[in-house]
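Overview (structure and organization)
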Amino acid sequence: MPATQSPRRWKAVALATPTLLAGLITPALTAPPAAATTTAYDSTYYKNAIGKTGAGLKSSLHTIVSSQTKLSYSAVWDALKVTDQDPNNSNNVILLYSGVSRSKSLNGGNTGNWNREHVWAQSHGDFGTSAGPGTDLHHLRPEDVQVNSIRGNKDFDNGGSAVAGGGGSLTDANSFEPRDAVKGDVARMLLYMAVRYEGGDSWPDLEPNDSTTNGSVPYHGRLSVLKQWHEQDPPSASEERRNDVIYNSYQGNRNPFIDHPEWVEAIW
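The following paragraphs examine the structure supplied in this document.

Cut-offs applied
- Residues numbered from 1 in each chain as written.
- Predicted model: local features only at pLDDT ≥ 70, side-chain atom pairs only at ≥ 80, totals over all residues.
- Heavy atoms only, no water.
- Helix = DSSP H or I, 4+ residues; strand = E, 2+ residues; numbered from the N terminus.
- Contact = heavy atoms within 4.5 Å.
- Areas by Shrake-Rupley, 256 points an atom, 1.4 Å probe, with all protein chains shown as cover.
- Axes fitted to C-alpha atoms, helices over the stretch in contact; angles between N-to-C directions.
- Parallel < 35°, antiparallel > 145°, perpendicular 65-115°, else oblique.
- Phe/Tyr/Trp six-rings, centres within 6.5 Å; stacked < 30°, edge-to-face > 60°.
- Buried < 20%, exposed > 50% of the residue type's maximum accessible area, 1.4 Å probe, protein only.
- Lys NZ or Arg CZ within 6 Å of the ring centre and 35° of its normal.
- Pairing = 2+ DSSP bridges.
- Salt bridge = Lys/Arg side-chain N within 4 Å of Asp/Glu carboxyl O.

**Regarding the overall build of the chain**
Counting its secondary structure elements, the chain contains ten helices and eleven strands. Long-range pairs, those at least 24 residues apart, make up 64% of the contacts in the chain with a sequence separation of at least 6. For the chain, the accessible area works out to roughly 11,500 Å², and carbon and sulfur atoms hold 53% of it.

**A closer look at the packing of helix H3 (residues 54-65) against helix H6 (residues 183-196)**
Running from amino to carboxyl end, H3 crosses H6 at an angle of 90°, the nearest separation of the two axes being 8 Å. Between H3 and H6, the interaxial angle falls into the category roughly perpendicular. Facing Lys58, Leu61, His62 and Val65 of H3, the residues of H6 in contact are Tyr192, Ala194, Val195 and Arg196.

**What to know about the packing of aromatic side chains**
What characterises a pair of aromatic rings is the spacing of the ring centres plus the angle enclosed by the ring planes. Following the criterion strictly, the structure yields nine aromatic pairs and no others. Look at Tyr46 and Trp263: their rings are 5.2 Å apart centre to centre, the planes differ by 80°, and that puts the pair in the edge-to-face class. With Tyr46 in the loop between helix H2 (39-42) and H3 and Trp263 in helix H10 (residues 263-267), the pair connects residues that are 217 residues apart, well separated along the chain. Between Phe257 and Trp268, the ring centres sit 5.7 Å apart and the planes meet at 55°, which makes this aromatic pair tilted. One end of the pair, Phe257, is in helix H9 (residues 256-259); the other, Trp268, is in the segment after H10, with eleven residues separating them in the sequence. Overall, the relative accessible area of 0% leaves Phe257 in the buried class. Cluster of aromatic residues (ring-pair linked, three or more members): Tyr41, Tyr45, Tyr46, Tyr247 and Trp263. Taking NZ or CZ as reference, Arg116 lies 3.6 Å from the ring centre of Tyr73, over its face. Above the face of the Tyr247 ring, Arg254 is positioned so that its terminal group lies 5.0 Å from the ring centre.

**Overview of the sheet that holds strand S8 (residues 170-171)**
The four strands are arranged S6-S9-S8-S7 in an open sheet whose pairing can be described as mixed. Every other strand in the sheet has two partners, leaving strand S6 (155-156) and strand S7 (161-162) as the edge strands with one partner each. Sheet topology places S6 next to strand S9 (residues 175-177); two bridges connect them, and they run parallel. Bridging across to S9, Phe156 finds its partner in Phe176.

**Describing the pairing of strand S2 (residues 89-94)**
In terms of strand pairing, strand S1 (residues 85-86) meets S2 through two bridges, oriented antiparallel. Paired with Gln85 across the bridge in S2 is Val93. One ladder, built from three bridges, connects S2 with strand S3 (residues 101-103); its direction is antiparallel. Residue Ile94 lies in a different strand from S3, and its bridge partner there is Ser101.

**Topic: the sheet that holds S2**
Spatially, S1-S2-S3 is the arrangement adopted by the three strands of the open sheet, whose pairing is antiparallel. Whereas interior strands pair on both sides, the edge strands pair on one side only; in this sheet they are S1 and S3.

**Quick look at the pattern of salt bridges**
According to the stated counting rule, one finds 15 salt bridges in the structure shown. In this structure, the salt-bridge partner of Arg141 is Asp84, at a minimum N-O distance of 2.7 Å. Residue Arg141 is located in strand S5 (residues 140-144), and its partner Asp84 is located in the loop between helix H4 (73-83) and S1; the two are separated by 57 residues in the primary sequence. Residue Asp84 is classed as buried on the basis of its relative accessible area, which comes to 5%. The salt bridge involving Lys227 is made with Glu265; its shortest N-O contact spans 3.4 Å. Placement of Lys227 in helix H7 (residues 223-232) and of Glu265 in helix H10 is noted, with a sequence separation of 38 residues between them. Bridged by salt links that share partners, the residues Lys58, Glu198 and Glu207 form one connected network.

Encoded structure:
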């Protein structure tokens, strides 16, 4: 991400409005309506969500993003080779946590391979790898087999000791902290999952919370930290490109928090 890009770029317009200026003096009892900042899809894809906030916005976005093509788990291999292709080497993919560029052909389960990391851990809701949350590209990313194993099904939080080969990631007994460059990516992936999977389609109702001991329940934490990461690491050009590729070539749906980062605060 260019050093000149502001981590609060999506708030620039909002800060000029009298409504929010008043809120800086007297805390609002409810979040302000979500502002439209991504015009490319606002009059079409997001038209039923524009101007809403809170539960109404979450419900509208759920309806919008639930219209999607579902992939098989085997098809995810080839899809990730496109969505996460190294822009500087078309033969490689970029691994999420470690940031390493690795050959697309090294996908598998052995040491030195990369595999399919579920950022929303499969066990948090026990949805496995069946078509649905288990194969949703918006939270599946390539990662080194050993680093993926270290992350396991841990919730996300700050702190811990360095992860070998993790590109600056940290971990402790019950949490994982990804490298700085993808902290916001992780947050937006988890919050997308919480909007997309609301208990319908025979899948569990996935929700964020502030715990780091969620185990097999359909929750993922830590929400307060995820929100901080979301603000500190806003959507990058590569994240926006990935959203476009998933929408145009695979699932036909988008991660709304990449297009409208301000919607995180409008809902949570």
